[in-house]
Amino acid sequence: MNQTTSPPMPTTARTASIEQLLEPKQERALRTRSQILEASAELFAQHGYLGTSITDVARSVGMTKGAVYFHFKDKEDMAIAVVETHYQRWATLLDSVHGQGLDPLATIHELLDRAAHAFAEDAMVRAGTRLQAEQAQIKAELPRPYLAWIEKLASNLIASAQEAGQVRRDLEAAALARVIVSAFFGMQYVSDVLNSRDDLLTRWSEVRTVVLGALAPR
Ligand code: LUB
């Protein structure tokens, strides 16, 4: 994803041993990096990629530009980190929902309900989505959108729900997954454009009724 050389900090952080991670200096650096990332997410979510500068980010965390550049090589690098962190949110959400031990269909509902809340409330998610939509303006390749959700829903959750007789079997799991992700994505996009996502949860409940309702066996 990051085609050029990585800045020293993230590389060290990702490959660090437990002992290194427990080292106070490392810990502090990671915390600072994540503070910068959260602040940049707020700004990217609100003002978009072109409307946000490293200077804005530095100002909003009360650091020098140099301190920010220590953690992120440039604005592209920062955007990639925001988008990647937003995908990690989904992985964390998935683990948490799986931990609830629900049946396959209830898992799908819970997962998407909680994703809708994240789109309404979580700056990292809002920023990640906005940056994905602005890919054409960003001179770096961001992770390919949608595929992870489609794959997860299709090959795991929908297939299991079909086996359990909770979801119609006359359509392929992959087709159903594409429809759900497209509907969800369209829903949050329309809500963003028309109402800055203020009505997202209401719009989600409509999509949920119609689209997830259509999954029922006939
Ligand atoms: C999700 C977005 C926004 C799919 O998976 C992704 O890449 C997504 C990125 O633009 O919505 C939501 C099910």
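Cut-offs and rules
Every chain begins its residue count from 1, and numbering advances along the sequence as written. In keeping with the predicted nature of the model, local features appear solely for residues at pLDDT of at least 70, side-chain atom pairs appear and are counted solely at 80 or more, and the whole-chain, interface and lining totals rest on all residues. To obtain the side-chain values, all non-hydrogen atoms of the structure were used and water was disregarded. A helix here means a DSSP run of H or I that spans at least four residues, while a strand means a run of E at least two residues long, and both kinds are numbered starting from the N terminus. By nonpolar core we mean a set of buried residues, namely Ala, Val, Leu, Ile, Met, Phe, Trp, Tyr and Cys, connected to one another through side-chain atoms within 4.5 Å. Three labels apply to residues, based on accessible area from a 1.4 Å probe with only protein chains included: buried if under 20% of the type maximum, exposed if over 50%, partly exposed otherwise in between. The criterion used for residue contact is that any of the two residues' heavy atoms lie within 4.5 Å. Any residue with a non-hydrogen atom lying within 4 Å of a molecule or strand is treated as near it. Between N or O atoms, a polar contact is any pair within 3.5 Å; within protein, one atom must be a potential hydrogen donor and the other a potential acceptor, and residues adjacent in sequence are included only when both atoms are from side chains. All accessible-area figures derive from a Shrake-Rupley calculation using a 1.4 Å probe, and residue coverage is judged against the displayed protein chains alone. Cavities and pockets are found on a 1 Å grid laid over the protein atoms alone: a cavity is a set of points where a 1.4 Å probe fits but cannot escape, a pocket is an open set with protein on both sides within 12 Å along at least five of seven lines, and a lining residue has an atom within 4 Å of such a point. A pocket or cavity is taken to hold a molecule when more than half of that molecule's atoms are within 2 Å of the pocket's grid points. Polar here means any residue other than Ala, Val, Leu, Ile, Met, Phe, Trp, Tyr, Cys and Pro, which are nonpolar, and Asp, Glu, Lys and Arg, which are charged; Gly is therefore polar. For helices, the axis comes from a line fit to the C-alpha atoms of the stretch in contact; other axes are also lines fit to C-alpha atoms, and the angle between any two N-to-C directions lies between 0 and 180 degrees. Any angle between 65 and 115 degrees counts as roughly perpendicular, while under 35 counts as roughly parallel, over 145 as roughly antiparallel, and the rest as oblique. For any helix crossing, the convention is left-handed if the near helix is rotated counterclockwise from the far helix by under a right angle, and right-handed if that rotation is clockwise. Grid points are joined across faces, edges and corners, and a volume is the space filled by probe spheres set on the points.

### A look at the environment of G213
- Relative to the helices and strands, G213 is located in helix α11 (residues 200–213).
- A C-alpha to C-alpha distance of 9.6 Å links G213 and V167, two positions 46 residues apart in sequence.

### Re the nonpolar core
- W90, L131, L153 and I158 are the most contacted members of the largest nonpolar core, which has 58 residues in total.
- Every element with two or more residues in this core is listed here: α3 (24–47), α4 (54–61), α6 (75–98), α7 (104–121), α8 (123–133), α9 (147–163), α10 (173–195) and α11.
- Examining the composition of this core, we find that eleven residues originate from one element, α6, more than from any other.
- In contact with I158, other than residues within four places in its own chain, are I108, L153, V167, A173, L176, A177 and I180.

### A few points about the site of the ligand
- The immediate surroundings of the ligand are formed by Y87, F119, T129, Q132, P145, Y146, W149, F184 and F185.
- Measuring from an oxygen atom of the ligand, one finds a backbone N or O atom of Y146 at 2.8 Å.
- Here the ligand, which alone exposes 350 Å², has 99% of that area covered by the protein.
- Counting atoms within 2 Å of the grid points, the majority share of the ligand lands in the largest cavity.
- For the shell around the ligand, the secondary-structure elements that each account for two or more residues are α8 and α10.
- In terms of residue class, the shell around the ligand is made up of seven nonpolar, two polar and no charged.

### Side note on the packing of α9 against α10
- Following both chains from N to C, one finds α9 and α10 inclined at 125°, their axes separated by 8 Å at the closest point. Considering their axes alone, α9 and α10 lie oblique with respect to each other. Classified by chirality, the crossing of α10 by α9 is right-handed. Packed against α9, whose contacting residues are W149, I150, L153, A154, I158, A159 and Q162, the element α10 presents A173, A174, L176, A177, R178, I180 and V181 at the interface.
- Partitioned by chemical class, the residues of the contact of α9 with α10 number twelve nonpolar, one polar and one charged.

### Structural notes on empty space enclosed by the protein
- Counted under the stated rule, the structure contains one cavity of 30 Å³ or more.
- Estimates place the volume of the largest cavity at around 240 Å³.
- Lining the largest cavity are 15 residues; nearest its centre among them are W90, F119, Y146, W149 and F185.
- Contributing elements (two or more residues each) for the lining of the largest cavity: α6, α7, α8 and α10.
- Looking at the lining of the largest cavity residue by residue, the classes come out as twelve nonpolar, three polar and no charged.

### Observations regarding α8
- With eight of its eleven residues buried, α8 lies for the most part within the structure.
- Within α8 the residues assigned to the buried category are A123, M124, V125, A127, G128, T129, L131 and Q132.
- Of the surrounding secondary structure, the elements contacted by the buried residues of α8 are α3, α6, α7 and α10.
- Between the side-chain oxygen at the start of α8 and the backbone nitrogen of M124 there is a gap of 2.9 Å, and the oxygen is on D122.

### Things to note about the packing of α3 against α8
- α8 packs onto α3 with a crossing angle of 55° between their chain directions and a minimal axis gap of 8 Å. Overall, the two elements α3 and α8 adopt an arrangement that is oblique. α3 and α8 meet at a crossing whose hand is left-handed. Of the residues in α8, those touching α3 at L37, E38, A41, E42, F44, A45, Q46 and H47 are A123, M124, R126, A127, R130 and L131.
- Looking at side-chain class alone, the contact of α3 with α8 contains eight nonpolar, two polar and four charged residues.

### Focus on the environment of S205
- Secondary-structure assignment places S205 in helix α11.
- Taking the C-alpha atoms as reference points, S205 and A116, separated by 89 residues in sequence, lie 9.3 Å from one another.

### Quick look at the layout of surface pockets
- Within this model, the second largest pocket holds a volume of roughly 170 Å³.
- Every residue along the wall of the second largest pocket is listed here: E42, A45, Q46, E121, D122, A123, R126, R130, D192, S196 and R197.

Structural measurements only, silent on function.
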